Amino acid sequence: MYIFQLANIYITVTAGSIYNSLADILDRPSAILEILGTKLPTVVGYFISLLITKILAGLPVIILRFGALSRMLFLKACFRERKMTQRELDEVYREENLLYGWEYPTQLLVIVICFTYAVISPIILPVGALYFFGALMVYKKQVLYVYTQSYESGGSLFPTACDRTIFGLICGQITFIGYTVMREAFYE
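Residues numbered from 1 in each chain as written. Predicted model: local features only at pLDDT ≥ 70, side-chain atom pairs only at ≥ 80, totals over all residues. Heavy atoms only, no water.

A. Geometry of the overall build of the chain. From N to C terminus, the chain includes nine helices and two strands. Along the chain direction, N to C, the helices and strands of the chain fall in the order α-α-α-α-α-α-β-α-α-β-α. In terms of overall dimensions, the chain is more spread out than a globule: its C-alpha atoms have a radius of gyration of 22 Å, far above the 16 Å expected for 188 residues. Across its three principal directions, the C-alpha atoms of the chain cover 75 × 35 × 25 Å. (Helix = DSSP H or I, 4+ residues; strand = E, 2+ residues; numbered from the N terminus. Rg over C-alpha atoms; globule rule 2.2 N^0.38 Å.)

Okay, structure coming up:
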């Protein structure tokens, strides 16, 4: 899921930036690097709005757990709690498993976005820090009080998370090199 998210974001955003500047590129094909060097930084607004959406909509949805909340409200509205059996009550208040395959790629995508676009527009860094602060508060509460551990992997996910974080750093460095070449800032 991580590779799909990463490819989807980079391909759609880069293709959108090239598509928007296609007329300028066709008018002056020799200045393609200069045109892309001015158009690509405008894409960071998309990523800032993506992070703000994750902060204001994604994290509250995780902490509210709409599935469990709707299940509890439905059962309390339709049935009296005194007449429910213990098994039915346990089903209402059951703990959930942490879906590692869903949660880790989201966190890694945010850090790769921050690594990549920090060199182009550093304004994304406070937004990324705000996201990770909110995610720390939400996931700390969820892991301690809501999620149950369904299995113990012995830390086998940690090397994968580190590899993908380093891949994000490499993406950021490649973006930095490409951006300096586009802006012709070889000796600064």
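B. Structural context of the nonpolar core. Ranked by internal contacts, the top residues of the largest apolar core, which has 32 residues, are Phe47, Leu59, Ile113, Tyr117 and Ile124. Among the elements of the structure, α1 (2-20), α4 (44-64), α7 (100-117) and α8 (124-145) are those that each provide at least two residues to this core. The greatest single-element share of this core, amounting to eight residues, is contributed by α4. Beyond its immediate chain neighbours, meaning those up to four positions away, leucine 59 contacts Lys54, Tyr131, Gly134, Ala135, Val138 and Tyr139. (Core = buried A, V, L, I, M, F, W, Y, C linked by side-chain atoms within 4.5 Å. Buried < 20%, exposed > 50% of the residue type's maximum accessible area, 1.4 Å probe, protein only. Contact = heavy atoms within 4.5 Å.)

C. Layout of the packing of aromatic side chains. In the structure shown here, the tally under the stated rule is three aromatic pairs. A ring pair is formed by tyrosine 46 and phenylalanine 47, whose centres lie 5.2 Å apart and whose planes are at 70 degrees; its orientation type is edge-to-face. An angle of 35 degrees between the planes, with centres 4.6 Å apart, marks the rings of phenylalanine 47 and tyrosine 117 as tilted. On the criterion of sequence distance, the pair formed by phenylalanine 47 in helix α4 and tyrosine 117 in helix α7 is long-range, its members being 70 residues apart. A relative accessible area of 0% places phenylalanine 47 in the buried class. We classify tyrosine 117 as buried; its relative accessible area is 4%. Every member of this aromatic cluster is reached through a ring pair, and the members are Tyr46, Phe47 and Tyr117. (Phe/Tyr/Trp six-rings, centres within 6.5 Å; stacked < 30°, edge-to-face > 60°.)

D. Main features of helix α3 (residues 32-39). Those residues of α3 lying buried are Ile35, Leu36 and Gly37. For α3, the elements touching its buried residues are α1, α2 (22-27) and α9 (157-182).

E. Molecular detail of α9. For α9, spanning 26 residues, the distance from its first C-alpha to its last is 37 Å, which sits close to the expected 38 Å at 1.5 Å a residue. The complete set of buried residues in α9 reads Ala161, Gly168, Cys171, Gly172, Tyr179 and Met182. Against α3 and α7 lie the buried residues of α9. Among the residues trailing α9, glutamate 184 stands out with phi positive, at a value near 55 degrees. (Expected span 1.5 Å × (residues − 1).)

F. Inspection of a nonpolar patch on the surface at higher detail. Among the surface-exposed residues, Ile32, Leu33, Val119, Phe176, Ile177 and Val181 lie close enough to one another that they form a single nonpolar patch of about 460 Å² accessible area. Elements represented by at least two residues in the nonpolar patch include exactly α3 and α9. With three residues, α9 is the single largest residue contributor to the nonpolar patch. Mapped onto the secondary structure, isoleucine 177 falls in helix α9. (Patch = residues over 30% accessible without salt bridge, like charges linked within 9 Å, V, L, I, M, F, W, Y side chains within 5 Å. Areas by Shrake-Rupley, 256 points an atom, 1.4 Å probe, with all protein chains shown as cover. Salt bridge = Lys/Arg side-chain N within 4 Å of Asp/Glu carboxyl O.)

G. Region of interest: the side chain of glutamate 103. Relative to the helices and strands, glutamate 103 is located in helix α7. Buried and without a salt bridge, glutamate 103 has lysine 54 as its closest oppositely charged side chain, separated by 8.7 Å. Within the structure, glutamate 103 has its side chain in polar contact with the side chain of tyrosine 139 (distance 2.2 Å). Residues in contact with glutamate 103, not counting those within four places in the same chain, are Ile62, Leu98 and Tyr139. (Lys, Arg positive; Asp, Glu negative; His and termini not counted. Polar contact = N/O pair within 3.5 Å; in protein donor to acceptor, adjacent residues only side chain to side chain.)

Purely spatial values, then, with no claim about function.
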